[in-house]
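Here are the chains, one letter per residue:
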Amino acid sequence: MRIVDTHAHLYGADFKDDLGEVVGRARKSGVTNILLPNIDESSIDDLKYSVGQFPDILIPMMGLHPTSVTKEWEAQLDVIYRELMSNKFVAVGEIGLDLYWDVSLREEQVKAFEKQLIWSIYLDLPVAIHSRNAIPEVIASVKKIGEKSLRGVFHSFGGTIEELQSILELKNFMIGINGVITFKNSGLRSVLLDCGLEKILLETDSPYLSPVPYRGKRNEPAYLSEVLKQLSDIYRLPEEEIASATSENAKRLFGIETVS
């Protein structure tokens, strides 16, 4: 079985002491590729160092996360852009809008997001989108910049049926499903009944959102097996078929080759 974790933050302090063991457990569980989205200018070195240690399985993205956006967002984006132009990345990410933690820089978030959307079109790269409490606003920006020219994933989807339908109307976008699907109060199981498997990517968002039975512990890619179990139950398909379909989705969107 081959599984792709399309969104994990394996760089930095949470994994600095045992990244090798984490990667080893991922391989043993069937994970062939782990995509690492950048956060901001301060995380670039850690991201590149981690990828350099395990370049056969760790694959980097480059972007400015909305919760990292400051009043100096243009200077921040200058750093991100230089990286995008000088190194190989499979996506512009993690980018988007976050209207949950702090809305005081909403305007700056929107400007930074839309500029990075423009870059993704120019570079012909998909986008990994953060959209907490902001799915309608994110979709508005995508349509403004050009939905036909953009493609990507709404990472860590946990929205309503109406929000799912609005995303699926953007023909070139998928949703990322992680440990939230295992939470009893998420409501995501019923929502996904309206979503074809061809629109789903697997992710962990490690070290966050650990699935049941690992809640309260640090998340890691090996735990994708619990997400697979839930999707297998929802779609009434073997786990191997879910893994194969979602891995093909990842290959198609990010242009990666899965490895054994």
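Position numbers for residues count from 1 along each chain, tracking the sequence in the order it is written. Given that the model is predicted, a residue must reach a pLDDT of at least 70 before its local features are reported, and side-chain atom pairs must reach 80 or more before they are shown or counted; all residues, however, enter totals for whole chains, interfaces and linings. Computation of side-chain values: all heavy atoms of the structure, hydrogens and water removed.

Caption draft 1: Molecular detail of the nonpolar core. Of all hydrophobic cores here, the largest spans 70 residues; its most connected members are Leu58, Ile175, Ile177, Leu192 and Leu231. In terms of residue count, the dominant contributor to this core is helix H8 (residues 224–235) (six residues). Throughout, nonpolar core names a set of buried Ala, Val, Leu, Ile, Met, Phe, Trp, Tyr and Cys residues whose side chains join them through atoms within 4.5 Å. A simple rule labels every residue: compare its accessible area, found with a 1.4 Å probe on the protein chains alone, to the largest value its type can have, and call it buried under 20%, exposed over 50%, or partly exposed in between. Only runs of H or I of at least four residues qualify as helices and only runs of E of at least two qualify as strands under DSSP, and these elements are numbered from the N terminus.

Caption draft 2: Highlighting the pattern of salt bridges. A pair is scored as a salt bridge if a Lys or Arg side-chain nitrogen falls within 4 Å of a carboxyl oxygen belonging to Asp or Glu. Evaluated as defined, the whole model comprises 13 salt bridges. We note a salt bridge from Arg218 to Asp18, for which the minimum N-O separation is 2.9 Å. Of this pair, Arg218 sits in the loop between strand S8 (200–202) and H8 while Asp18 sits in the loop between strand S1 (3–5) and helix H1 (19–29), and the two are 200 residues apart along the sequence. Residue classification places Arg218 among the partly exposed positions, given a relative accessible area of 25%. Between Glu108 and Lys71 there is a salt bridge, with the nearest N and O atoms lying 3.2 Å from each other. Residue Glu108 is located in helix H4 (residues 106–123), and its partner Lys71 is located in the loop between strand S3 (58–60) and helix H3 (73–86); the two are separated by 37 residues in the primary sequence.

Caption draft 3: Summary view of the layout of surface pockets. Its volume calculated, the largest pocket comes out at about 770 Å³. Around the largest pocket, the lining comprises 30 residues; the ones closest to its centre are His130, Arg132, Ser156, Asp205 and Leu209. In terms of residue class, the lining of the largest pocket is made up of 13 nonpolar, 11 polar and six charged. Of the grid points, spaced at 1 Å and generated over the protein atoms alone, those admitting a 1.4 Å probe that cannot get out make up cavities, while open sets with protein on both sides within 12 Å along at least five of seven lines make up pockets; any residue with an atom within 4 Å of a point is treated as lining. Grid points are joined across faces, edges and corners, and a volume is the space filled by probe spheres set on the points. In this structure, the second largest pocket occupies an estimated 230 Å³ of space. For this scheme, ten residues count as nonpolar: Ala, Val, Leu, Ile, Met, Phe, Trp, Tyr, Cys and Pro. Four count as charged, namely Asp, Glu, Lys and Arg, and the remainder, Gly too, count as polar.

Caption draft 4: Structural detail: the packing of H4 against helix H5 (residues 135–145). Between N-to-C directions, angles cover 0 to 180 degrees, with each direction set by a line fitted to C-alpha atoms, over the stretch in contact for helices. Two elements in contact, H4 and H5, have axes whose closest approach is 10 Å; the angle formed by their N-to-C orientations is 45°. Relative to H5, H4 is oriented oblique. In the packing of H4 onto H5, the handedness of the crossing is right-handed. Residue-level contacts link Arg106, Val110, Phe113, Glu114, Leu117, Ile118 and Ile121 of H4 to Glu137, Val138, Ser141, Val142, Lys144 and Ile145 of H5. Reported orientations rely on four angle classes, namely roughly parallel under 35 degrees, roughly antiparallel over 145, roughly perpendicular from 65 to 115, and oblique for the rest. By the definition used in this description, the sense in which the near helix is turned from the far one sets the handedness, with an anticlockwise turn below a right angle giving left-handed and a clockwise turn giving right-handed. Two residues qualify as a contact provided that any one of their heavy atoms is within 4.5 Å of a heavy atom in the partner residue.

Caption draft 5: Here's a closer look at the pairing of strand S5 (residues 127–130). Alternating residues of S5 divide into Val127 and Ile129 and Ala128 and His130, and every residue in both groups is buried. By this definition, two strands are paired if DSSP reports at least two bridges between them. Sheet topology places strand S4 (residues 92–96) next to S5; four bridges connect them, and they run parallel. Residue pairing for S5: Gly93 is matched across the bridge by Ala128. When the strands point away from the viewer and the path from the first strand over the helix to the second turns clockwise, the crossover is right-handed. Taking the sense of rotation as the criterion, the β-α-β connection linking S4, H4 and S5 turns out right-handed.

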